[in-house]
Amino acid sequence: MNNEDLIAVLKALSNETRLNILCWLREPEKLGWKLPDAIKQEFPGSVCVGNIQEKSGLTQSVISSYLALMQKSGLLESRRYGQYTYYRLNEAGIAAFMGELAAKLQTGR
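Residues numbered from 1 in each chain as written. Predicted model: local features only at pLDDT ≥ 70, side-chain atom pairs only at ≥ 80, totals over all residues. Heavy atoms only, no water.

(A) Spotlight on the packing of helix 2 (residues 16-26) against helix 4 (residues 49-56). Relative to each other, helix 2 and helix 4 sit at 125 degrees, their axes nearing to 11 Å. Classified by the interaxial angle, the pair formed by helix 2 and helix 4 is oblique. You can see that helix 2 and helix 4 cross each other, and the crossing is right-handed. Listed contacts from helix 4 to T17, I21, W24 and L25 of helix 2 are I52, K55 and S56. Partitioning the contact of helix 2 with helix 4 into residue classes produces 4 nonpolar, 2 polar and 1 charged. (Axes fitted to C-alpha atoms, helices over the stretch in contact; angles between N-to-C directions. Helix = DSSP H or I, 4+ residues; strand = E, 2+ residues; numbered from the N terminus. Parallel < 35°, antiparallel > 145°, perpendicular 65-115°, else oblique. Left-handed = near helix turned anticlockwise from the far one by under 90°. Contact = heavy atoms within 4.5 Å. Nonpolar A, V, L, I, M, F, W, Y, C, P; charged D, E, K, R; others polar.)

(B) Spotlight on the environment of I7. Mapped onto the elements, I7 comes out in helix 1 (residues 3-13). Of the residues examined, I7 reaches a relative accessible area of 44% and is grouped as partly exposed. Linking I7 and L101, residues 94 residues apart in sequence, is a C-alpha distance of 9.9 Å. (Buried < 20%, exposed > 50% of the residue type's maximum accessible area, 1.4 Å probe, protein only.)

(C) Quick peek at the side chain of T85. When you line up the elements, T85 lands in strand 3 (residues 84-89). Polar side-chain contacts of T85 include one of 2.8 Å to the side chain of R80. Apart from residues lying up to four places away in sequence, T85 is in contact with V47, C48, V49, S78, R79 and R80. (Polar contact = N/O pair within 3.5 Å; in protein donor to acceptor, adjacent residues only side chain to side chain.)

(D) Local environment of the nonpolar core. The biggest cluster of nonpolar side chains holds 20 residues, and the ones touching the most others in it are I21, I52, L67 and L76. Among the elements of the structure, helix 1, helix 2, helix 4, helix 5 (60-72) and strand 3 are those that each provide at least two residues to this core. The contact partners of I52, leaving out residues within four places of it in the chain, are I21, W24, L25, V47, I63 and L67. Formed by 6 residues, the second largest nonpolar core is a distinct cluster that contains L35, I39, F43 and Y81. (Core = buried A, V, L, I, M, F, W, Y, C linked by side-chain atoms within 4.5 Å.)

(E) Inspection of the sheet that holds strand 2 (residues 76-81) at higher detail. If you trace the 3 strands from one edge of the open sheet to the other, you get 1-3-2, paired in antiparallel fashion. Since the sheet does not close on itself, it has two edges, and those belong to strand 1 (47-48) and strand 2, each with one partner. Across 2 bridges, the pairing between strand 1 and strand 3 is antiparallel. Counted as the bridge partner of C48 is Y86 from strand 3. (Pairing = 2+ DSSP bridges.)

(F) The arrangement of the environment of K40 in detail. When you line up the elements, K40 lands in helix 3 (residues 37-42). By relative accessible area, K40 is classed as partly exposed at 45%. A C-alpha to C-alpha distance of 22 Å links K40 and N20, two positions 20 residues apart in sequence.

Take a look at the structure:
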């Protein structure tokens, strides 16, 4: 991960709603969002854009742009099922970011 990638993730995290979305996606089942069984099996831990939009209180277009930014920066993964798009945390992308940021901030590096 280069400096540009790190900066992209930091920019994505610099908005309270986007940070909240990541927190909501950490444990989506605790929020009571229902998923079709096929989605639970094929893309576990995901949430429909509509659920995120409803929880945030923002418009669908704003939430879609936030999710796209977060996906582009490597924080989220998405899948489209019919007319709906589902998002979940990209655990590998988040781990890579955290490791790289920690390495950059450690003394002597």
